[in-house]
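These are the residues of each chain, in order.
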Amino acid sequence: MTIGSMLIKGHQIDGLVRAIGLRKSASVLLRRALRLASPVQAFCQDHLLSIRPLDSDLFVVSQIFGNQEYEIGGGGREALNRLARLWRQGGSTPVIVDAGANVGYSTIYLRDRYPEAVVVAVEPDPQAYEMLISNCAGLDRIVPFHGALWDHDGEVALRMNDGPSWSRGVSDGGGVSSITLRSLLARIPRARLLMLKMDIEGAELEATRNCGELLCDTPCIVIEPHDFMMQGRGCLSHVFASLAGRKIDSLMNGENLILIESDLLASASAS
């Protein structure tokens with residue numbers, strides 16, 4: 001998919017306006033129409049963000065801040081925050097892994113909504129990572145990692161294309177650092193995985209291989225599934241295997257599948 005073929009839909013424009021306001025939305029859309037590449041600076045929930053008109057940034061900021069596609073319903077956010085506070089009191093560090101952090105919008109969103117957690121932002125695309133560093137500058141509880149979540153610590157190849165930065169995945173090869181979920185968490189003292197968020201363009205199978213023990217203790221997993229891109233591959237097989245025997249609620253919000261411990265939602269409903 002090329003940038004020019006990404007048609008802007010009504011709900012995306014609506015989300016953009018709710019995220020950054022009418023005036024800044026008009027500026028982004030006008031620059032896109034005129035094929036002007038220079039980023040627009042816009043305040044979004046007290047954060048000054050850079051938005052590239054010719055890339056996927058406007059769609060992503062619309063999804064995340066406008067349409068709230070990482071919000072967990074049924075009191076899930078409040079329940080996860082209570083759990084994170086308990087972990088803190090017990091000496092653990094609650095961690096959210098944001099795999100496929102792109103330019104950092106999801107990282108900032110998750111940081112703001114889970115104030116007890118450290119957010120580890122993983123992004124392999126160098127230009128998107130540079131934007132992530134800029135957008136997250138000065139914010140505490142964010143740990144950036146330039147690379148990809150994978151089934152080994154080493155290197156993978158970034159699949160370059162003429163599409164938007166959010167569409168670039170990785171595969172076996174070299175050139176970009178790769179890291180396992182276990183190694184990533186080992187970088188944070190006393191880390192305990194509160195949430196795994198993945199939007200990694202079909203690499204879910206590799207990223208969650210040999211992660212069963214970690215995932216079976218993770219209260220919340222948020223995934224944008226990509227089986228539609230790679231039918232017959234079973235991208236979420238390891239995730240579903242790790243959940244066997246657990247009581248899990250499955251929620252949908254926009255493009256995201258949210259898997260969360262049912263007891264957490266039950267406790268939120270009872271409180």
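As the structure is a prediction and not an experimental result, all values here were calculated from the model.

Chemist: Would you mind showing me how to read the overall build of the chain here?
Modeler: Secondary structure assignment for the chain yields eleven helices and 13 strands. Taken against the 2.2 N^0.38 rule, which gives 18 Å for 271 residues, the C-alpha radius of gyration of the chain at 18 Å falls within 12% of a compact globule. With the C-alpha coordinates aligned to their principal axes, the bounding extent of the chain is approximately 55 × 45 × 35 Å. For the chain, buried positions account for 54% of its 271 residues. Within the chain, residue pairs in contact and separated by at least 24 positions form 64% of the contacts whose partners lie at least 6 positions apart. Per element, the accessible surface of the chain, about 11,600 Å² overall, is 54% carbon and sulfur. Each charge class in the chain was averaged separately, 26 positive and 31 negative side chains, and the resulting centres sit 5 Å apart.

Chemist: It is not clear to me how the environment of A270 should be interpreted in this structure. Could you clarify?
Modeler: One can find A270 in helix α11 (residues 262-270). Judged by relative accessible area, A270 falls into the exposed class, the value being 70%.

Chemist: What's the story with helix α2 (residues 22-33) in this structure? I'm lost.
Modeler: In an α-helix, one turn spans 3.6 residues, which is why side chains three or four residues apart end up on the same side. Relative to the 16 Å expected for twelve residues at 1.5 Å per residue, α2 spans 16 Å between its end C-alpha atoms, a close match to the ideal helical length. Taken together, the buried positions of α2 are occupied by S25, V28 and R32. Angularly, the buried residues of α2 cover 65 degrees about the axis, an arc narrow enough to put them on a single face. The outward face of α2, more than 90 degrees from its buried face, is lined by the exposed residues L22, R23, L30 and A33. Close packing links the buried residues of α2 with α1 (10-20), β1 (40-44), β2 (47-51) and α3 (57-66). Immediately downstream of α2, the backbone of R35 shows phi near 65 degrees, a positive value.

Chemist: What's the story with a nonpolar patch on the surface in this structure? I'm lost.
Modeler: There is a patch of nonpolar side chains on the surface, built from L30, L34 and L36 and spanning about 280 Å² of accessible area. Structurally, the position occupied by L34 is in the loop between α2 and β1.

Chemist: Help me understand the confidence of the model for the chain, please; the structure alone is not making it clear to me.
Modeler: As a general rule, the predicted coordinates of low-pLDDT regions are not to be interpreted in detail. Confidence along the chain averages 91 in pLDDT terms, with 94% of residues attaining 70 or more. Overall, residues 1-5 carries pLDDT values under 50, and its contacts beyond four positions in sequence, including any with other chains, amount to twelve contacts.

Chemist: Help me understand the pattern of salt bridges, please; the structure alone is not making it clear to me.
Modeler: A pair can form between side chains of opposite charge whenever their charged atoms are brought close. The tally for this structure, following the rule as stated, stands at 13 salt bridges. A salt bridge links R52 to D57, with the shortest nitrogen-to-oxygen separation between them at 2.9 Å. With respect to class, R52 is no different from D57; both count as buried. For R88, the salt bridge identified is with E116, shortest N-O distance 3.9 Å. Residue R88 is located in helix α4 (residues 76-89), and its partner E116 is located in the loop between α5 (105-113) and β4 (118-123); the two are separated by 28 residues in the primary sequence. Overlapping salt bridges, with partners in common, bring together R111, D112, D140 and R141 in one network.

Chemist: Looking at this model, I keep getting lost on the sheet that holds strand β12 (residues 248-253). Mind explaining?
Modeler: To summarise the sheet geometry, strands pair through backbone hydrogen bonds and adopt either a parallel or an antiparallel arrangement. Taking strand neighbours across the sheet as the criterion, the seven strands line up as β5-β4-β3-β10-β11-β13-β12 in an open arrangement whose pairing is mixed. Of all strands in the sheet, those bounded by a partner on one side alone are β5 (142-146) and β12. For this sheet, the mean angle separating the axes of adjacent strands, direction not counted, is 20 degrees. Direction of pairing for strand β10 (residues 191-198) relative to strand β11 (residues 220-223): parallel, over a ladder of four bridges. Along β11, the bridge assignment pairs M195 with C220.

Chemist: In this structure, what is going on with the packing of α4 against α11? I would like to understand it.
Modeler: Two numbers describe a pair of packed helices, the interaxial angle and the distance between the axes. Axis separation between α4 and α11 bottoms out at 8 Å; the angle between their running directions is 105 degrees. By the angle between their directions, the pair α4 and α11 is classed as roughly perpendicular. Mapping the contact onto sequence places G76, A79, L80, R82 and L83 in α4 and L264, L265, S267 and A268 in α11. Grouping the constituent residues of the contact of α4 with α11 by class yields six nonpolar, two polar and one charged.

Chemist: How should the sheet that holds strand β7 (residues 154-158) be read in this particular structure?
Modeler: Overall, mixed pairing links the four strands, which are arranged β6-β9-β7-β8 in an open sheet. Each having just a single partner strand, β6 (148-149) and β8 (170-172) make up the two edges of the open sheet.

Calculation criteria
Residues numbered from 1 in each chain as written. Predicted model: local features only at pLDDT ≥ 70, side-chain atom pairs only at ≥ 80, totals over all residues. Heavy atoms only, no water. Helix = DSSP H or I, 4+ residues; strand = E, 2+ residues; numbered from the N terminus. Rg over C-alpha atoms; globule rule 2.2 N^0.38 Å. Buried < 20%, exposed > 50% of the residue type's maximum accessible area, 1.4 Å probe, protein only. Contact = heavy atoms within 4.5 Å. Areas by Shrake-Rupley, 256 points an atom, 1.4 Å probe, with all protein chains shown as cover. Lys, Arg positive; Asp, Glu negative; His and termini not counted. Charge placed at Lys NZ, Arg CZ, Asp CG, Glu CD. Expected span 1.5 Å × (residues − 1). Arc of directions from axis to C-beta. Patch = residues over 30% accessible without salt bridge, like charges linked within 9 Å, V, L, I, M, F, W, Y side chains within 5 Å. Salt bridge = Lys/Arg side-chain N within 4 Å of Asp/Glu carboxyl O. pLDDT = per-residue confidence, 0-100. Pairing = 2+ DSSP bridges. Axes fitted to C-alpha atoms, helices over the stretch in contact; angles between N-to-C directions. Parallel < 35°, antiparallel > 145°, perpendicular 65-115°, else oblique. Nonpolar A, V, L, I, M, F, W, Y, C, P; charged D, E, K, R; others polar.

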